[in-house]
Amino acid sequence: MRVCVIYPKSSSKKVITKEEWEKKLSEVKIRKEDMNKLVMNFLVTEGYVEAAEKFQMESGTQPDIDLGTITDRMAVRKAVQCGQVEDAIEKVNDLNPEILDTNPQLFFHLQQQRLIELIRSGQVEEALEFAQEELAPRGEENHAFLEELERTVALLAFEDTANCPVGELLDISQRQKTASELNAAILTSQSHEKDPKLPSLLKMLIWAQNQLDEKASYPHINDLVNATLEEPVT
């Protein structure tokens, strides 16, 4: 009888100490101007106009769009977040009527949000009339729109909408979702990125760490807020 003995494989990962890692990081030179541009990009994209103005004065960093347009964009976003969809549509048309004319999906989602607000306020007859006149014709042309319309109208079939299968449509997060979609469309119309660069860089950092985990044991940054280096696991 032959006995096969299997010995555990020794780890082939390279171990990089915290001191070595910090030395490598110190050799990477990043211009302060580039960091400032990242901060300004975040403030402008997310609509922090007062912070952007103050940061411009303190750092001398110039935004790539007129800061005055941020106030108008945030007024549109706030209107949707407050459930005032008609007001938001008027405001965005004042900014640029082509935004909704050239984006049927966005316009449908705004109309869908109007329907949700009617249902939220208990205006059942008005909701049914609005769905039939404004949304049903668009649903006939687009199957995806029809499915979304059916899910929204289904809210009327439940007395306890908070616990029904489609109750999430009445959550504040649904308003936020619609507001974010509209905000992104306005930014695109102004030739500006619809998403800030900083969160994308953080996602890239996490991806790079996951890739490097397969080859080495090194100090991680798990706390993205404080960017604290943790000792490598050996």
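Preceding this paragraph is the structure being described.
Keep in mind that this is a model prediction, so the values were computed, not measured.

Regarding the packing of aromatic side chains
Phase 1 of the analysis: Counting across every chain of the model gives three aromatic pairs.
Phase 2 of the analysis: With a centroid separation of 6.3 Å and 25° between ring planes, the pair formed by F42 and Y48 is classed as stacked.
Phase 3 of the analysis: The exposure class of Y48 is partly exposed, given its relative accessible area of 44%.
Phase 4 of the analysis: Ring centres of F108 and F145 lie 4.3 Å apart, and the angle between their planes is 5°; this geometry places the pair in the stacked category. With F108 in helix 7 (residues 104-120) and F145 in helix 9 (residues 143-153), the pair connects residues that are 37 residues apart, well separated along the chain. Residue F108 shares its accessibility class with F145, and that shared class is buried.

Description of the side chain of H109
Phase 1 of the analysis: Residue placement: H109 occurs in helix 7.
Phase 2 of the analysis: If we skip the residues at most four places from it in the chain, H109 touches E148, T178 and E181.

Considerations on helix 9
Phase 1 of the analysis: Turning to helix 9, its buried residues are F145, L149 and T152. One side of helix 9 holds all its buried residues, which, seen down the axis, span an arc of 60°.
Phase 2 of the analysis: Structurally, the start of helix 9 carries an N-cap: the backbone nitrogen of A144 is 2.9 Å from a side-chain oxygen of N142.

Notes on unusual backbone geometry
Most peptide bonds take the trans configuration, and most residues that are not glycine carry a negative phi.
Phase 1 of the analysis: At S191, a position not held by glycine, the phi torsion is positive, near 60°.
Phase 2 of the analysis: Mapping S191 onto the fold places it in the loop between helix 10 (172-189) and helix 11 (197-213).
Phase 3 of the analysis: In the Ramachandran plot, A227 falls in the positive-phi region, its phi being about 55° despite a non-glycine side chain.
Phase 4 of the analysis: Note on placement: A227 falls in the loop between strand 3 (220-223) and strand 4 (228-230).
Phase 5 of the analysis: Among the residues examined, A227 registers a relative accessible area of 46% and is labelled partly exposed.

Quick look at the pairing of strand 3
Phase 1 of the analysis: Pairing between strand 3 and strand 4: three bridges, direction antiparallel. Pairing of D223 across the sheet is with T228, part of strand 4.
Phase 2 of the analysis: Adjacent in sequence and paired antiparallel, strand 3 and strand 4 are bridged by four residues, among which A227 carries a positive phi angle near 55°.

Brief notes about the pattern of salt bridges
Phase 1 of the analysis: For the coordinates displayed, the defined rule picks out seven salt bridges.
Phase 2 of the analysis: The salt bridge partner of E86 is R114, with a shortest N-O separation of 3.3 Å. Of this pair, E86 sits in helix 5 (residues 85-95) while R114 is found in helix 7, placing the two residues 28 residues apart along the sequence.
Phase 3 of the analysis: Note that K197 and E193 form a salt bridge whose closest N and O atoms lie 3.5 Å from each other.
Phase 4 of the analysis: Residue classification places E193 among the partly exposed positions, given a relative accessible area of 31%.
Phase 5 of the analysis: What you see here is one network of salt bridges that share partners, running through E117, R120 and R175.

What counts, and at which threshold
Residues numbered from 1 in each chain as written. Predicted model: local features only at pLDDT ≥ 70, side-chain atom pairs only at ≥ 80, totals over all residues. Heavy atoms only, no water. Phe/Tyr/Trp six-rings, centres within 6.5 Å; stacked < 30°, edge-to-face > 60°. Buried < 20%, exposed > 50% of the residue type's maximum accessible area, 1.4 Å probe, protein only. Helix = DSSP H or I, 4+ residues; strand = E, 2+ residues; numbered from the N terminus. Contact = heavy atoms within 4.5 Å. Arc of directions from axis to C-beta. Polar contact = N/O pair within 3.5 Å; in protein donor to acceptor, adjacent residues only side chain to side chain. Pairing = 2+ DSSP bridges. Salt bridge = Lys/Arg side-chain N within 4 Å of Asp/Glu carboxyl O.

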